[in-house]
Amino acid sequence: MNLSQTWSARGVRLHISRRAWQYIIFIVLVAPAVLLRFGTAAYPIAQTIRLSFRKFEFYGTVESYAGLENFRYLPDDFGFRGAIEFTVLFVVCSTALQLILGMLIAQLLNAEFKGRALARAVNLIPWAIPTIVAAYAFRWILDDQFGMITHWVSLVTGSRPVIFIDPDGARAAVILVNVWKNAPFMAVVFLAGLQGIPEDLYDAAKVDGANAVQRFFFITLPLIIPLVVTMGTFFVIWQVASLDLIYGLTSGGPGVATQVLALRVFEEGLRYFNYGFASAIGVVLLGLVAVIGLIGILLFRRFEVTY
Amino acid sequence: MVSRALTRTHEHSSGHSSWRHTLRRVQLYMALFLFLFVILSPFFWIVKSALSRPDQLFKIPPVYIPDATLENFKTLAEQVPLYEYVRNSLIISTATALVSVTLAFMAAYAFARIAIPGRNVLLWLFVLTMALPEIATIVPLYRLLAEANMLDTRTGLIVVMSSVLVPFTVWVLVAFIQQVPFEIEEAAIIDGANLFHILTRIMLPLTSPALATMVVINFINAWNNLLYPLAFSATEQSKTLSVAITEIFQARAPWGRPWNLVSTLGVTMVLPAIILVLFSQKAIVRGLTRGAIK
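Owing to the predicted nature of the structure, the values given are computational and were not obtained by experimental measurement. (Residues numbered from 1 in each chain as written. Chains lettered and ligands numbered in written order. Predicted model: local features only at pLDDT ≥ 70, side-chain atom pairs only at ≥ 80, totals over all residues.)

Once that is clear, we can look at the overall build of chain B. Secondary structure assignment for chain B yields 13 helices and zero strands. Each helix and strand of chain B, placed in order from N terminus to C terminus, yields the pattern α-α-α-α-α-α-α-α-α-α-α-α-α. Taken over C-alpha atoms, the radius of gyration comes to 25 Å for chain B, far larger than the 19 Å a tight globule of 294 residues would show. The C-alpha extent of chain B, read off along each of the three principal axes, is 80 × 75 × 35 Å. By residue count, 44% of the 294 residues in chain B fall in the buried class. (Helix = DSSP H or I, 4+ residues; strand = E, 2+ residues; numbered from the N terminus. Rg over C-alpha atoms; globule rule 2.2 N^0.38 Å. Buried ≥ 20, exposed ≤ 12 C-beta atoms within 10 Å, placed from the backbone.)

Residue-level contacts link 80 residues of chain A with 82 residues of chain B. By residue number, the principal contributor to the side of chain A that touches chain B is helix α2 (residues 18–51) of chain A, which donates 19 residues. Broken down by class, the residue content of the side of chain A that touches chain B amounts to 57 nonpolar, 17 polar and six charged. (Contact = placed C-beta atoms within 7 Å. Nonpolar A, V, L, I, M, F, W, Y, C, P; charged D, E, K, R; others polar.)

What follows concerns the confidence of the model for chain B. All names here are of chain B. Of all residues in chain B, 93% attain a pLDDT of 70 or more, and the chain-wide mean is 88. Ignoring residues within four places in sequence, the model shows residues 1–13, a span with pLDDT below 50, making twelve contacts including any to other chains. With a pTM of 0.90, the predicted complex shows an ipTM of 0.89. (pLDDT = per-residue confidence, 0-100.)

This part covers the nonpolar core. A:L285, B:A107 and B:I245 are the most contacted members of the largest nonpolar core, which has 165 residues in total. Setting aside its immediate chain neighbours within four residues, B:A107 contacts A:L29, A:V30, A:A33 and B:V170. (Core = buried A, V, L, I, M, F, W, Y, C linked by C-beta atoms within 7 Å.)

All names here are of chain A. In terms of domain boundaries, chain A breaks down into domain 1 (4–69) and domain 2 (77–303). Across the contact, eleven residues belong to domain 1 and nine residues belong to domain 2. Among the elements of the structure, α2 and β1 (54–57) are those that each provide at least two residues to the side of domain 1 that touches domain 2. In terms of residue count, the dominant contributor to the side of domain 1 that touches domain 2 is α2 (four residues). Here the side of domain 1 that touches domain 2 is composed, by residue class, of six nonpolar, three polar and two charged. (Domains from an automatic or database assignment.)

As structure tokens, then:
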């Protein structure tokens, strides 16, 4: 890009080379976004790591060096152990179900039928609504006295299920509601992937006598696998640090049955002002995200295909 | 196409396969019905709860079609500063959408068009910050905002929410800008257009559908954000609807939880999202999938 003429035309005779101009313009354009990200993401992350080695008393007002004390205390913290356990369970089960259901919904919405555009719009609704509203809507639907699903179950089995007092029930509810909320988003991306697969591949396979299941496993899946890996990694990273749904649906209960790391950070940091301990949990979370991200990148390299 | 023609004749030659065709249609519509039922039933439930009188709400078995009333909306407006919450949510979401898309547009233009060495690495690094969990920054952010006197302000929330949305927006916009042929800008540069002109007179109109899409997506994201207002807001000066609904949920009515009010506010919060989705479904999908599929 050559903008030096414009400047000299204004009488500002600076002898700056074209190359230098490119750098200056690049920096000017990128700086606001980069500075914003630096100030509100990179710097706070560094601070979280620093704070994890410090101890706070009297509601965060008195601060001192703590060494590894926060981390040493982690394994003894009942809430943390529960949180690690359920975070892993929650993320693994959710993502697996979302991948499967996302694929099924994408197949469904890729078929030809009347009102397809409307069905695709409906599919976007769970993604578009606030998670906290979804959490409360389902909590109300599953209410042990007046809930809709509770009523249906009672019609079939004769007794009303009490979901949020039972650890397994609460865990299943959290995972399934999370799948309800996010599988459609997965489907949106998969659907776009399906639409990119050339139609004649399927026609050729039909001529060769491949049935629908074979066509899926031998054409669709191999071509869409990079997308599956990308979305899987993205969903794991994103859900490992999410808390809206659990905050609304169970607040981590009963006991610590549905406690997750993100909720633990929130409680310790912003409710009890245990900044140091909260940061230590935050660091664990960061480590988890880094490991998952690396695995995702490695997997992606393995499965990269071109067509 | 020959292959397609072959399968067609094959299918239509036997009456057997037309029966199978019907079966497949039936299966398709059953799956579709199940899908729509699962997606939509929670909405039926909260809309029904929002419109029914409290005495019809807490009944065993539930009243599925209540006498419709807007009483709950009135009660809600009386019990919480609804006007302030709606105002805050609207201002914060709109400003966040505009700020994030503006900053992302500038950065994306540079990443897409200015060929300096290492720009791809820089873009990758920048987009990777998307993976940094917000919750792991919440304590230092709280202290930073406190130092800057921005706790419990709409400005503070706009800043932090915009920041979260910028990386994805840049990623999507870079892809869109790269599609625009460079010749148009080249001509303008030769004519002596400056950078501001190129961005506002050439790039902006050419990429405006993509920018509008990202404004909608980011508006929805900011509207739905719970973590930041929950952590940083204290009064109706900056509290949003998402915080309001958690407070109503935690309140106690004589008969237990005020599900009528939770549902009413829930419906209010869902409404803009549904309207935006119904009116700009295709654009939203294009924006969302642009990041994953090239």
